Amino acid sequence: MIPTGHFLVVAALLFAIGAAGVIVRRNVLMILMSIELMLSGGSLTLIAFARHHGDVGGHGLAFLVVAVAAAEAAIGLAIIVALFRTRRTANADDANLLRDE
Amino acid sequence: MSGSLVAFYALSALTVAGALLTVTRRNPLIGALWLIATFFALAGLYALLEAHFLAAIQILVYAGAIMVLFVFVIMMLDRPELEEIGLLRAPGTKLVGLAAVGVLAWRLAAAVGRAGDPAPAKEGFGTVRAIGNLLLHEYIFPFEAVSIVLLVAVVGAVVIARLTSSES
(Lines give C-alpha, C1' and ligand atoms only; values in the text may rest on other atoms or scores of the structure.)
Protein backbone atom coordinates (compact mmCIF):
# COMPACT_ATOMS: atom_id res chain seq x y z
CA MET A 1 0.00 0.00 0.00
CA ILE A 2 1.46 3.37 -1.07
CA PRO A 3 0.88 6.21 1.44
CA THR A 4 -1.20 9.07 0.03
CA GLY A 5 1.52 11.56 0.99
CA HIS A 6 3.88 10.10 -1.61
CA PHE A 7 1.46 11.04 -4.39
CA LEU A 8 0.98 14.52 -2.90
CA VAL A 9 4.75 15.10 -3.06
CA VAL A 10 4.89 14.09 -6.74
CA ALA A 11 1.85 16.30 -7.51
CA ALA A 12 3.44 19.28 -5.71
CA LEU A 13 6.70 18.78 -7.63
CA LEU A 14 4.79 18.68 -10.94
CA PHE A 15 2.92 21.86 -10.04
CA ALA A 16 6.10 23.65 -8.91
CA ILE A 17 8.02 22.64 -12.05
CA GLY A 18 5.12 23.86 -14.20
CA ALA A 19 4.89 27.15 -12.30
CA ALA A 20 8.65 27.70 -12.67
CA GLY A 21 8.28 27.01 -16.40
CA VAL A 22 5.51 29.59 -16.74
CA ILE A 23 7.65 32.20 -14.97
CA VAL A 24 11.04 31.48 -16.56
CA ARG A 25 10.20 30.51 -20.15
CA ARG A 26 9.44 33.18 -22.77
CA ASN A 27 8.29 30.96 -25.65
CA VAL A 28 4.47 30.96 -25.58
CA LEU A 29 4.34 27.27 -26.57
CA MET A 30 6.53 26.35 -23.61
CA ILE A 31 4.39 28.51 -21.30
CA LEU A 32 1.27 26.65 -22.49
CA MET A 33 2.96 23.28 -21.94
CA SER A 34 4.02 24.35 -18.44
CA ILE A 35 0.38 25.20 -17.70
CA GLU A 36 -0.55 21.65 -18.77
CA LEU A 37 2.01 20.36 -16.23
CA MET A 38 0.43 22.49 -13.48
CA LEU A 39 -3.03 21.14 -14.36
CA SER A 40 -1.66 17.60 -14.20
CA GLY A 41 -0.30 18.25 -10.72
CA GLY A 42 -3.76 19.37 -9.61
CA SER A 43 -5.41 16.33 -11.19
CA LEU A 44 -2.96 13.96 -9.47
CA THR A 45 -3.84 15.52 -6.11
CA LEU A 46 -7.58 15.12 -6.81
CA ILE A 47 -7.15 11.46 -7.76
CA ALA A 48 -4.87 10.73 -4.79
CA PHE A 49 -7.48 12.13 -2.38
CA ALA A 50 -10.28 10.31 -4.23
CA ARG A 51 -8.40 7.07 -3.55
CA HIS A 52 -7.65 8.11 0.04
CA HIS A 53 -11.28 8.75 0.92
CA GLY A 54 -12.74 6.07 -1.36
CA ASP A 55 -14.89 8.78 -3.00
CA VAL A 56 -15.12 8.70 -6.79
CA GLY A 57 -16.06 12.42 -6.89
CA GLY A 58 -12.40 13.37 -7.34
CA HIS A 59 -12.35 11.33 -10.54
CA GLY A 60 -15.30 13.33 -11.86
CA LEU A 61 -13.46 16.57 -11.14
CA ALA A 62 -10.26 15.28 -12.77
CA PHE A 63 -12.33 14.30 -15.82
CA LEU A 64 -13.67 17.86 -16.05
CA VAL A 65 -10.10 19.19 -15.68
CA VAL A 66 -9.09 17.13 -18.75
CA ALA A 67 -11.99 18.60 -20.76
CA VAL A 68 -11.16 22.17 -19.70
CA ALA A 69 -7.47 21.58 -20.47
CA ALA A 70 -8.44 20.48 -23.98
CA ALA A 71 -10.48 23.67 -24.45
CA GLU A 72 -7.62 25.77 -23.05
CA ALA A 73 -5.07 24.13 -25.36
CA ALA A 74 -7.29 24.70 -28.41
CA ILE A 75 -7.83 28.40 -27.62
CA GLY A 76 -4.21 28.95 -26.53
CA LEU A 77 -2.81 27.39 -29.69
CA ALA A 78 -5.23 29.41 -31.85
CA ILE A 79 -3.97 32.58 -30.15
CA ILE A 80 -0.37 31.47 -30.78
CA VAL A 81 -1.12 30.89 -34.47
CA ALA A 82 -2.77 34.32 -34.72
CA LEU A 83 0.15 35.93 -32.84
CA PHE A 84 2.70 34.26 -35.11
CA ARG A 85 0.77 35.35 -38.19
CA THR A 86 0.68 39.02 -37.20
CA ARG A 87 4.02 39.45 -35.33
CA ARG A 88 6.13 36.55 -36.76
CA THR A 89 7.17 35.55 -33.25
CA ALA A 90 6.40 33.01 -30.56
CA ASN A 91 8.07 35.01 -27.81
CA ALA A 92 5.81 36.36 -25.07
CA ASP A 93 8.00 39.44 -24.57
CA ASP A 94 7.47 40.52 -28.19
CA ALA A 95 3.68 40.45 -27.83
CA ASN A 96 3.50 43.94 -26.32
CA LEU A 97 0.98 45.57 -28.66
CA LEU A 98 -1.16 46.83 -25.78
CA ARG A 99 1.73 48.05 -23.64
CA ASP A 100 2.07 51.76 -22.99
CA GLU A 101 5.63 52.63 -24.07
CA MET B 1 9.44 -3.27 -0.63
CA SER B 2 6.26 -4.33 -2.38
CA GLY B 3 5.82 -4.42 -6.13
CA SER B 4 3.44 -1.46 -6.25
CA LEU B 5 5.90 0.68 -4.27
CA VAL B 6 8.68 -0.13 -6.78
CA ALA B 7 6.30 0.77 -9.63
CA PHE B 8 5.38 3.99 -7.82
CA TYR B 9 9.01 5.09 -7.43
CA ALA B 10 9.87 4.24 -11.04
CA LEU B 11 6.80 6.04 -12.44
CA SER B 12 7.16 9.11 -10.24
CA ALA B 13 10.87 9.39 -11.07
CA LEU B 14 9.94 9.25 -14.76
CA THR B 15 7.16 11.83 -14.24
CA VAL B 16 9.32 14.36 -12.39
CA ALA B 17 12.33 13.85 -14.68
CA GLY B 18 10.09 14.23 -17.74
CA ALA B 19 8.57 17.42 -16.34
CA LEU B 20 12.02 18.86 -15.62
CA LEU B 21 13.27 17.95 -19.10
CA THR B 22 10.10 19.49 -20.60
CA VAL B 23 10.59 22.94 -19.11
CA THR B 24 14.38 23.03 -19.65
CA ARG B 25 14.54 22.11 -23.37
CA ARG B 26 15.38 25.04 -25.67
CA ASN B 27 13.55 23.49 -28.64
CA PRO B 28 9.76 23.39 -28.02
CA LEU B 29 9.41 20.20 -30.12
CA ILE B 30 11.77 18.23 -27.84
CA GLY B 31 9.92 19.69 -24.86
CA ALA B 32 6.59 18.49 -26.27
CA LEU B 33 7.97 14.96 -26.77
CA TRP B 34 9.17 14.89 -23.14
CA LEU B 35 5.76 16.14 -22.05
CA ILE B 36 4.16 13.16 -23.82
CA ALA B 37 6.51 10.82 -21.92
CA THR B 38 5.52 12.61 -18.68
CA PHE B 39 1.83 12.09 -19.41
CA PHE B 40 2.37 8.35 -20.04
CA ALA B 41 4.16 7.98 -16.68
CA LEU B 42 1.37 10.01 -15.05
CA ALA B 43 -1.21 7.62 -16.51
CA GLY B 44 0.72 4.83 -14.77
CA LEU B 45 0.44 6.72 -11.46
CA TYR B 46 -3.32 7.09 -12.04
CA ALA B 47 -3.57 3.32 -12.59
CA LEU B 48 -1.70 2.77 -9.28
CA LEU B 49 -4.44 4.88 -7.63
CA GLU B 50 -7.14 2.56 -9.07
CA ALA B 51 -8.24 5.32 -11.48
CA HIS B 52 -8.24 3.05 -14.52
CA PHE B 53 -10.74 5.07 -16.54
CA LEU B 54 -8.78 8.29 -16.00
CA ALA B 55 -5.51 6.53 -16.89
CA ALA B 56 -7.05 5.58 -20.25
CA ILE B 57 -8.45 9.12 -20.71
CA GLN B 58 -5.04 10.59 -19.82
CA ILE B 59 -3.37 8.64 -22.64
CA LEU B 60 -6.17 9.11 -25.18
CA VAL B 61 -6.95 12.79 -24.63
CA TYR B 62 -3.77 14.26 -23.13
CA ALA B 63 -0.93 12.26 -24.67
CA GLY B 64 -3.01 11.70 -27.81
CA ALA B 65 -5.26 14.57 -28.84
CA ILE B 66 -3.86 17.58 -26.95
CA MET B 67 -0.20 16.81 -27.57
CA VAL B 68 -0.84 16.10 -31.26
CA LEU B 69 -2.34 19.58 -31.45
CA PHE B 70 0.78 21.01 -29.76
CA VAL B 71 3.21 19.18 -32.07
CA PHE B 72 1.09 20.21 -35.07
CA VAL B 73 1.29 23.91 -34.15
CA ILE B 74 5.03 23.69 -33.36
CA MET B 75 5.61 22.17 -36.79
CA MET B 76 3.42 24.84 -38.42
CA LEU B 77 5.42 27.78 -37.00
CA ASP B 78 8.19 27.49 -39.56
CA ARG B 79 11.36 28.11 -37.54
CA PRO B 80 11.78 26.56 -34.11
CA GLU B 81 12.87 29.49 -32.00
CA LEU B 82 15.69 28.46 -29.69
CA GLU B 83 15.30 30.75 -26.73
CA GLU B 84 17.97 31.38 -24.16
CA ILE B 85 16.85 30.04 -20.82
CA GLY B 86 18.18 32.41 -18.20
CA LEU B 87 17.06 32.89 -14.66
CA LEU B 88 15.30 36.15 -13.87
CA ARG B 89 17.76 38.85 -12.92
CA ALA B 90 15.45 41.39 -11.27
CA PRO B 91 16.37 42.30 -7.69
CA GLY B 92 14.60 40.33 -4.99
CA THR B 93 13.65 37.38 -7.21
CA LYS B 94 15.74 34.96 -5.14
CA LEU B 95 13.98 36.14 -1.98
CA VAL B 96 10.50 35.78 -3.49
CA GLY B 97 11.40 32.36 -4.91
CA LEU B 98 12.75 31.13 -1.58
CA ALA B 99 9.61 32.40 0.20
CA ALA B 100 7.37 30.58 -2.30
CA VAL B 101 9.37 27.35 -1.88
CA GLY B 102 9.20 27.72 1.89
CA VAL B 103 5.43 28.19 2.00
CA LEU B 104 4.85 25.30 -0.42
CA ALA B 105 7.16 22.95 1.52
CA TRP B 106 5.53 23.93 4.82
CA ARG B 107 1.98 23.24 3.60
CA LEU B 108 3.11 20.06 1.85
CA ALA B 109 4.83 18.73 4.98
CA ALA B 110 1.66 19.39 6.99
CA ALA B 111 -0.55 17.59 4.44
CA VAL B 112 1.83 14.63 4.05
CA GLY B 113 2.12 14.17 7.79
CA ARG B 114 -1.65 14.10 8.21
CA ALA B 115 -2.62 11.95 5.20
CA GLY B 116 -1.48 8.45 6.20
CA ASP B 117 -2.45 5.27 4.35
CA PRO B 118 -5.57 5.08 2.16
CA ALA B 119 -8.36 2.66 3.01
CA PRO B 120 -8.63 -0.47 0.81
CA ALA B 121 -10.46 0.36 -2.41
CA LYS B 122 -14.12 -0.63 -2.63
CA GLU B 123 -15.29 -3.04 -5.32
CA GLY B 124 -15.76 -1.19 -8.62
CA PHE B 125 -13.90 1.97 -7.54
CA GLY B 126 -12.70 4.07 -10.47
CA THR B 127 -14.37 1.96 -13.15
CA VAL B 128 -16.21 3.41 -16.13
CA ARG B 129 -19.50 2.38 -14.49
CA ALA B 130 -18.76 4.28 -11.25
CA ILE B 131 -17.62 7.45 -13.03
CA GLY B 132 -20.45 7.28 -15.57
CA ASN B 133 -22.97 7.00 -12.75
CA LEU B 134 -21.38 9.99 -11.02
CA LEU B 135 -21.20 12.19 -14.13
CA LEU B 136 -24.73 11.44 -15.34
CA HIS B 137 -26.44 11.77 -11.96
CA GLU B 138 -24.69 13.84 -9.31
CA TYR B 139 -22.42 15.82 -11.68
CA ILE B 140 -24.90 16.24 -14.54
CA PHE B 141 -24.78 20.05 -14.49
CA PRO B 142 -20.96 20.42 -14.65
CA PHE B 143 -20.92 17.63 -17.25
CA GLU B 144 -23.31 19.55 -19.51
CA ALA B 145 -21.58 22.85 -18.75
CA VAL B 146 -18.22 21.46 -19.85
CA SER B 147 -19.74 20.38 -23.16
CA ILE B 148 -20.76 24.01 -23.73
CA VAL B 149 -17.21 25.09 -22.78
CA LEU B 150 -15.81 22.71 -25.40
CA LEU B 151 -18.27 23.96 -28.04
CA VAL B 152 -17.35 27.59 -27.32
CA ALA B 153 -13.65 26.66 -27.42
CA VAL B 154 -14.02 25.01 -30.85
CA VAL B 155 -15.89 28.00 -32.32
CA GLY B 156 -13.51 30.46 -30.62
CA ALA B 157 -10.41 28.66 -31.89
CA VAL B 158 -11.75 28.76 -35.45
CA VAL B 159 -12.61 32.47 -35.17
CA ILE B 160 -9.23 33.43 -33.63
CA ALA B 161 -7.04 31.39 -35.98
CA ARG B 162 -9.03 32.22 -39.14
CA LEU B 163 -7.37 34.28 -41.83
CA THR B 164 -9.08 37.64 -42.02
CA SER B 165 -9.61 39.03 -45.51
CA SER B 166 -7.09 41.87 -45.01
CA GLU B 167 -4.24 39.43 -44.24
CA SER B 168 -4.83 36.79 -46.93
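1. Let's talk about the overall build of chain B
Regarding its fold elements, chain B presents six helices and zero strands. Helices (α) and strands (β) of chain B occur, in sequence order from the N terminus, as α-α-α-α-α-α. Counting only residues that meet the buried cut, chain B has 23% of its 168 residues in that class.

2. Regarding the overall build of chain A
On a plain count of helices and strands, chain A comes out with three helices and zero strands. Mapped from its N terminus to its C terminus, chain A presents α and β elements in the order α-α-α. Considered along the principal axes of its C-alpha atoms, chain A spans approximately 55 × 25 × 20 Å. By the burial criterion, 53% of the 101 residues in chain A qualify as buried. Nonlocal contacts in chain A, meaning residues at least 24 apart in sequence, comprise 49% of its contacts between residues at least 6 apart.

3. As for unusual backbone geometry
Located in the positive-phi region is B:Glu50, a residue other than glycine, with phi close to 65°. Residue placement: B:Glu50 occurs in the loop between α2 (28–48) and α3 (52–76).

4. Brief notes about the interface of chain A and chain B
Between chain A and chain B, the contact holds 60 residues from the first and 66 residues from the second. Of all the secondary-structure elements, those providing two or more residues to the side of chain A that touches chain B are α1 (4–24), α2 (28–53) and α3 (57–87) of chain A. A per-element tally of the side of chain A that touches chain B places α3(A) first, with 23 residues.

5. Points about the nonpolar core
Core analysis: the biggest nonpolar cluster contains 63 residues, and A:Leu14, A:Leu44, A:Ile47, B:Leu45, B:Tyr46 and B:Leu54 have the highest contact counts within it. When contributions to this core are tallied by element, the ones reaching two or more residues are α1, α2 and α3 of chain A together with α1 (3–24), α2, α3 and α6 (140–161) of chain B. In terms of residues, this core owes the most to one element, α2(A), which gives 14 residues. Apart from the residues lying within four places of it in its own chain, the contact partners of A:Ile47 are A:Gly58, A:His59, A:Ala62, B:Tyr46, B:Leu49, B:Ala51 and B:Leu54.

6. Re the packing of α1(A) against helix α4 (residues 93–115) of chain B
When two helices pack together, their arrangement is given by the angle between their axes and by how far apart the axes lie. Running from N to C, α1(A) and α4(B) cross one another at 160°; their axes reach a closest spacing of 8 Å. Judged on the interaxial angle alone, α4(B) and α1(A) are roughly antiparallel. By crossing handedness, the relation of α1(A) to α4(B) is classed as right-handed. Between α1(A), through A:Thr4, A:Gly5, A:Leu8, A:Val9, A:Ala12 and A:Ala16, and α4(B), the contact on the second element is made entirely by B:Leu104, B:Leu108, B:Ala111, B:Val112 and B:Ala115. Class assignment for the residues of the contact of α1(A) with α4(B) results in nine nonpolar, two polar and no charged.

7. Regarding α1(B)
Counted at 1.5 Å a residue, the expected span for α1(B) with its 22 residues is 32 Å, and the 32 Å between its end C-alpha atoms agrees. The elements touched by buried residues of α1(B) are α1 and α2 of chain A together with α2 of chain B.

8. Digging into the confidence of the model for chain A
Summarising the model, chain A shows a mean pLDDT of 88, and 99% of its residues fall at 70 or more. Mean pLDDT across the elements of chain A bottoms out in α3(A) (90) and peaks in α2(A) (92).

The rules we used
Residues numbered from 1 in each chain as written. Chains lettered and ligands numbered in written order. Predicted model: local features only at pLDDT ≥ 70, side-chain atom pairs only at ≥ 80, totals over all residues. Helix = DSSP H or I, 4+ residues; strand = E, 2+ residues; numbered from the N terminus. Buried ≥ 20, exposed ≤ 12 C-beta atoms within 10 Å, placed from the backbone. Contact = placed C-beta atoms within 7 Å. Core = buried A, V, L, I, M, F, W, Y, C linked by C-beta atoms within 7 Å. Axes fitted to C-alpha atoms, helices over the stretch in contact; angles between N-to-C directions. Parallel < 35°, antiparallel > 145°, perpendicular 65-115°, else oblique. Left-handed = near helix turned anticlockwise from the far one by under 90°. Nonpolar A, V, L, I, M, F, W, Y, C, P; charged D, E, K, R; others polar. Expected span 1.5 Å × (residues − 1). pLDDT = per-residue confidence, 0-100.

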